[in-house]
Amino acid sequence: MEIFDYDNILLLPRRCRVDSRSDCDTSVQFGPHRFKLPVVPANMKTVVDEPITELLAREGYFYVMHRFDLDSLAYAKGMRDKGLLVSLSVGVKPADYELIDQLAAEGVGADYLTIDIAHGHAESVQRMIAHIKQRLPEAFVIAGNVGTPEGVIDLENWGADATKVGVGPGKVCITRLNTGFGTGGWQLSALKWCSRVATKPIVADGGIRHHGDIAKSVRFGASMVMIGSLFAGHEESPGTTVEVDGKLYKEYYGSASDFNKGEYRHVEGKRILEPVKGRLGDTLREMQEDLQSSISYAGGTQLADLKKVNYVILGGENAGEHLFM
């Protein structure tokens, strides 16, 4: 098996077929709805909050609301009242089962439910998928996180509609350091590995450092790309603003960090400061423009054309060119 990550790969251009990059379509069908971009901000307290998710939903972007210190039922009702999609995170604890029951009993439901735990290849996730499918059969269930083909196969067989791939590759994840497990350092290769067995959509979660990494994720099998650090640090971001040497930063910490948990137990995340990078809307526009450019370099007109390009592996013993013959 080839081992590589985003920085080890470059995609190879093909003859351009569009007169303008703006002619390229970056939209993606994900579950029952179509979205402007194949990207979603990470469902973390320092990345999304109620105003940001409302903005994303109104503007046609996919979102997943986090599940920390939140009345998810009231939040879901509020989004329904505004005529917006309901996309929630749940865990596998008794309170999460109760939330699913409440959403069903009160007729609120959910369009998307993301079962979000660090080690998603777990029997506890199997039980939660079954409960959701029984109580909210219309909900599109995203389950994770996993890092192996076996994990993808099991989650799909258990009823997940999409699988989230990535164990500790994020900027504020320390899973591989604290546990010795994970996809940190080879996330893109893990995505390729997992996508080969997938029959349903995959969400690539973590390790994205540049806009070009979105195109690479799509090339290796992702339908949607979850991004943390690139979406943290905006003026609207919910993280606390901190000034250091005259420069402004926003707090950004992992969901499995002690800052998020409120205690130092089973910690797999850390806290960093992200430089304040302007408005979220500007970043979304730049991501779309860069992805349009990626599609044009692929010789295509739509997102799926990225899957057809060749690539090279840079450096290492197994470096080389990989062509479709």
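Everything in this summary refers to the structure shown in the same document. (Residues numbered from 1 in each chain as written. Predicted model: local features only at pLDDT ≥ 70, side-chain atom pairs only at ≥ 80, totals over all residues. Heavy atoms only, no water.)

**Considerations on the nonpolar core**
Soluble globular proteins tend to bury their nonpolar side chains together. Rules: What we call a nonpolar core is a set of buried Ala, Val, Leu, Ile, Met, Phe, Trp, Tyr and Cys residues that are connected through their side-chain atoms within 4.5 Å. For every residue, the accessible area obtained with a 1.4 Å probe (protein chains only) is divided by the maximum for its type, and the residue is called buried under 20%, exposed over 50%, and partly exposed between those limits. Contacts are assigned to residue pairs with any non-hydrogen atoms lying within 4.5 Å of each other.
Residues Phe 30, Phe 62, Leu 103, Leu 113, Ile 115, Ile 132 and Ile 227 are the most contacted members of the largest nonpolar core, which totals 90 residues. Those residues in contact with Ile 115 that sit more than four places away from it in its chain are Val 90, Gly 91, Val 92, Val 125, Met 128, Ile 129, Ile 132, Val 141, Ile 142, Ala 143 and Gly 144.

**Some words on the packing of helix α3 (residues 94–105) against helix α4 (residues 123–135)**
Relative orientation and spacing of two packed helices are given, respectively, by the angle between their axes and the distance between those axes. Rules: For every element, the axis is a line fit to its C-alpha atoms; helices are fit only across the contacting stretch, and the angle between N-to-C directions ranges from 0 to 180 degrees. The way it works is that DSSP assigns letters per residue, a run of H or I at least four long becomes a helix, a run of E at least two long becomes a strand, and they are numbered from the N terminus. Here the angle decides the label: under 35 degrees means roughly parallel, over 145 means roughly antiparallel, 65 to 115 means roughly perpendicular, and every other value means oblique. As a working rule, the residues Ala, Val, Leu, Ile, Met, Phe, Trp, Tyr, Cys and Pro are called nonpolar, Asp, Glu, Lys and Arg charged, and the rest polar, with Gly in that last group.
For the pair α3 and α4, interaxial distance at closest approach is 10 Å and the crossing angle is 10°. By the angle between their axes, α3 is roughly parallel relative to α4. Contacts between α3 and α4 pair Asp 96, Tyr 97, Ile 100, Asp 101, Ala 104 and Ala 105 from the former with Ser 124, Arg 127, Met 128, His 131, Ile 132 and Arg 135 from the latter. Among the residues making up the contact of α3 with α4, the classes are represented as six nonpolar, two polar and four charged.

**A look at the side chain of His 234**
Note the threshold: Polar contact criterion, stated in full: a pair of N or O atoms within 3.5 Å, where within protein one must be able to donate a hydrogen and the other to accept it, and residues adjacent in sequence count only if both atoms are side-chain atoms.
If you trace the backbone, His 234 turns up in the loop between β10 (224–227) and β11 (241–244). A distance of 3.0 Å separates a polar atom in the side chain of His 234 from the backbone oxygen of Phe 231. With residues up to four places along the chain from it excluded, the contact list for His 234 reads Lys 250, Lys 277, Gly 278, Arg 279, Leu 280 and Thr 283.

**Describing the sheet that holds strand β5 (residues 87–90)**
Note on sheets: strands pair through backbone hydrogen bonds, and any given pair is parallel or antiparallel. Selection criterion: Criterion used throughout: strands pair if DSSP finds at least two bridges between them.
Across the sheet, seven strands lie side by side as β4-β10-β9-β8-β7-β6-β5; this open sheet has parallel pairing. Strands with a single pairing partner mark the edges of an open sheet, and in this sheet they are β4 (39–41) and β5. Adjacent strand axes in the sheet meet at a mean angle of 25°, parallel and antiparallel pairs treated alike. Where β5 and strand β6 (residues 112–116) come together, four bridges link them in parallel fashion. Pairing of Ser 87 across the sheet is with Tyr 112, part of β6.

**So, the side chain of Arg 219**
Here is the rule: Residues scored as charged are limited to Lys and Arg (positive) and Asp and Glu (negative), so that His and the chain ends carry no count. Any carboxyl oxygen of Asp or Glu within 4 Å of a side-chain nitrogen of Lys or Arg constitutes a salt bridge here.
Looking at where Arg 219 falls in the secondary structure, it is placed in helix α8 (residues 212–219). One buried charge, Arg 219, has no salt-bridge partner; the nearest side chain with opposite charge is Glu 2, at 8.6 Å. A distance of 2.7 Å separates the side chain of Arg 219 from the backbone oxygen of Val 309, its partner in a polar contact.

That is the geometry; function is a separate question.
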